[in-house]
Amino acid sequence: MNLRQSQRNKAKIKMALQGPSGSGKSLSALLLAQGLTGNLSKVAVIDTENGSADLYAHLGKYNVLPLEPPYSPERYIEAMDVCINAGMEVIIMDSISHCWDYLIDYHASLPGNSFTNWAKITPRQKAFVDKILQGQAHFICTLRVKQDYVLSERNGKMVPEKVGLKAIQRDELSYEFTLVFDIDIKHFATASKDRTNLFEGKPQFIINSHTGRKILEWCNSTMTKEQLKILVTECNTMEELTDLFNKNFDVAKTIEADFVNKKNLLQQLTNLNHKSNGNGTHTNQ
C-alpha cells in the first residue's frame, strides 16, 4: 500500500451518446471516431441495429460486426474481444440498450423471489461494463432513450414533438463513463457528464469530427494541473506563456486564472522596464 502523487496517463475515452430514435447517434459516433483516429479503418461498429451502421459507408472504410440475438452480456463481450484482437482503436457499440433489455427479460423469466434474483443479473452486467471500462481501445456506446411526445407551439399552431426521457440501461451506468452526450431529435448535443471539462456548461452543438479531435487531445495530454501551474510560474516572457497555454489548451483552460495572473505580472514588469528606460535609468541588456 503506497501513497503517491496524482498523475495523468494517456487515456482511452469511454463515452456514451444517448438520445431518441432518429437523433443521429450512429452518425455522431462515427464522426467522433473519425476525429479520434483520423483513419476509419481502425474503427469497428458492433451493430445491433439491423444494419444501420452500413448507412454511413460514404464516410470511409470502417469495420462492421453485426451482432444478432440473443443480446446477452456474454455475446457483447465476445464481440468486443473480436474487435480488440483485430487491433481496433475505436469500438462503437450501437447500441448497448439491447443488452439491458435482454437482462430484464431474463430476470422476468426466473422463478422465485424477484429481489433475490437480481443477484443472478448483477454479475453479468458488471462483467459487461468492466469489459468496456478496461478495454484497451476508445469506446463509444450509444443508448436509446424512452420516448414521449409533447405539444409545442410552431408558427402559431400546437404540434406534437418527439422528446427523449430516460436512457434504456441500468440507472447508474452513466456514472461509469468519462463523457456522456445527450442528443435531441434535432441532432443537438449537450454534455450531461464531462470529466474532461471540455464541454460541461457549454451551449448545445452538433457533433462532428473536430469534436473527436478535441477529445483525442485531452486523452493524449499527460500534463496535470499541478505540473502546469509550476511551468506557468517559470515563464519569463509572454511568448513562453502563450506557447505553454496553446500546447496544453484543455488543461490550461481549467487553470486560466493562473495564466491571467502571470500575464498581468509579465505586463507589469514590461511596463516598469519601459518606464525605467524612459527616465534614462540604465538597465542591463
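I will try to describe carefully the structure that is included in this document. (Residues numbered from 1 in each chain as written. Predicted model: local features only at pLDDT ≥ 70, side-chain atom pairs only at ≥ 80, totals over all residues. Heavy atoms only, no water.)

Some points on a nonpolar patch on the surface
At step 1: Nonpolar side chains collect at one region of the surface, where L265, L269 and L272 lie side by side and expose about 280 Å² of accessible area between them.
At step 2: With respect to the secondary-structure elements, L269 resides in helix α9 (residues 256-278). (Patch = residues over 30% accessible without salt bridge, like charges linked within 9 Å, V, L, I, M, F, W, Y side chains within 5 Å. Areas by Shrake-Rupley, 256 points an atom, 1.4 Å probe, with all protein chains shown as cover. Salt bridge = Lys/Arg side-chain N within 4 Å of Asp/Glu carboxyl O. Helix = DSSP H or I, 4+ residues; strand = E, 2+ residues; numbered from the N terminus.)

Focus: the pairing of strand β8 (residues 189-194)
At step 1: Across five bridges, the pairing between strand β7 (residues 179-183) and β8 is antiparallel. Across the sheet, residue D182 finds its bridge partner in β8, namely T190.
At step 2: Hairpin connection of β7 to β8: five residues between the antiparallel strands, including H187 at a positive phi of 75 degrees. (Pairing = 2+ DSSP bridges.)

Some remarks on the pattern of salt bridges
At step 1: Under the criterion given, the structure shown has four salt bridges.
At step 2: One salt bridge connects D81 with K131, and the closest N-O pair in it is separated by 2.5 Å. Linking D81 in helix α2 (residues 73-85) with K131 in helix α4 (residues 122-134), this pair joins segments that are 50 residues apart in sequence.
At step 3: For D81, a relative accessible area of 26% gives the class partly exposed.
At step 4: As a salt-bridge pair, D101 and R144 come within 3.0 Å of each other at their nearest N and O atoms. Taken together, the positions of D101 in helix α3 (residues 97-109) and R144 in strand β5 (residues 138-154) put the pair 43 residues apart, joining distant regions of the chain. (Buried < 20%, exposed > 50% of the residue type's maximum accessible area, 1.4 Å probe, protein only.)

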